[in-house]
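Coordinates in review
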Amino acid sequence: MYKHYYYNTNTDNKGNHEVHTGDCSYLPEIKNRNYIGYKDNCKDAIKEAKEATGKTNFDGCYYCCNPCHKG
Ligand SMILES: [Zn+2]
């Protein structure tokens, strides 16, 4: 299902940028998030975020991107 994806511009305690859908309760406030795009799934969203930023430290949110949550 297509959703809008965002990543937290701050890193979590494991050094990762958490990726969220636009409807997640844990979506960071506007100043702490960057828009990734309208994507079919979290895997595609993280791939896009990596390509757009050149970084590799992204992790899916436990709640909204559980299939992409590593820990
Ligand atoms: Zn989330």
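Provided above is the structure to which this section pertains.
Presented here is an overview of the structure given in this document. (Residues numbered from 1 in each chain as written. Predicted model: local features only at pLDDT ≥ 70, side-chain atom pairs only at ≥ 80, totals over all residues.)

Digging into the environment of His20
Our working definition: Put simply, DSSP marks the helices as runs of H or I at least four residues long and the strands as runs of E at least two long, and each gets a number from the N terminus on. Counting other C-beta atoms within 10 Å of a residue's C-beta gives its exposure: the residue is buried at 20 or more, exposed at 12 or fewer, and partly exposed in between, where C-beta atoms are placed from the backbone. Whether two residues are in contact depends on their C-beta atoms, placed from the backbone: they are in contact if these lie within 7 Å.
Along the chain, His20 turns up in strand β2 (residues 17–21). A tally of 25 C-beta atoms within 10 Å means that His20 is categorised as buried. Setting aside anything within four residues of it in sequence, one finds His20 in contact with Tyr6, Tyr26, Leu27, Cys61, Cys64 and Cys65.

Here's the deal with the environment of Pro28
Relative to the helices and strands, Pro28 is located in the loop between β2 and β3 (33–39). Along the backbone, Pro28 and Lys39 are 11 residues apart, and their C-alpha atoms lie at a distance of 18 Å. Setting aside residues up to four positions removed in sequence, Pro28 forms contacts with Asn8 and Arg33.

Points about the environment of Gly71
In this fold, Gly71 is placed in the segment after β4 (58–60). Separated by 12 residues in sequence, Gly71 and Asp59 have C-alpha atoms that sit 7.8 Å apart.

Comments concerning the nonpolar core
As a reminder, the rule being used: The nonpolar core is taken to be a set of buried Ala, Val, Leu, Ile, Met, Phe, Trp, Tyr and Cys residues joined by way of C-beta atoms within 7 Å.
Tyr7, Val19, Ile36, Ala45, Ile46 and Ala49 are the most contacted members of the largest nonpolar core, which totals 13 residues. Listing elements by their share of this core, those giving two or more residues are β1 (3–11) and α1 (42–53). In terms of residues, this core owes the most to one element, α1, which gives 4 residues. For Ile36, the contacting residues outside a window of four places in its chain are Tyr5, Tyr6, Tyr7, Ala45, Glu48 and Ala49.

Some thoughts on the sheet that holds β3
Note the following rule: Two strands pair under a simple rule: DSSP has to find at least two bridges between them. Throughout, an axis means a line fitted to C-alpha atoms (over the contacting stretch in the case of helices), and angles, computed between N-to-C directions, take values from 0 to 180 degrees.
With mixed pairing, the 4 strands of this open sheet are ordered in space as β3-β1-β2-β4. Across the chains shown, the open sheet's two edge strands, defined by having one partner strand only, are β3 and β4. Taking the axes of each pair of neighbouring strands and ignoring which way they run, one obtains an average angle of 30 degrees across the sheet. Looking at chain direction, β1 and β3 are connected through 6 bridges and run antiparallel. When the sheet's bridge partners are listed, Tyr6 is paired in β3 with Tyr35.

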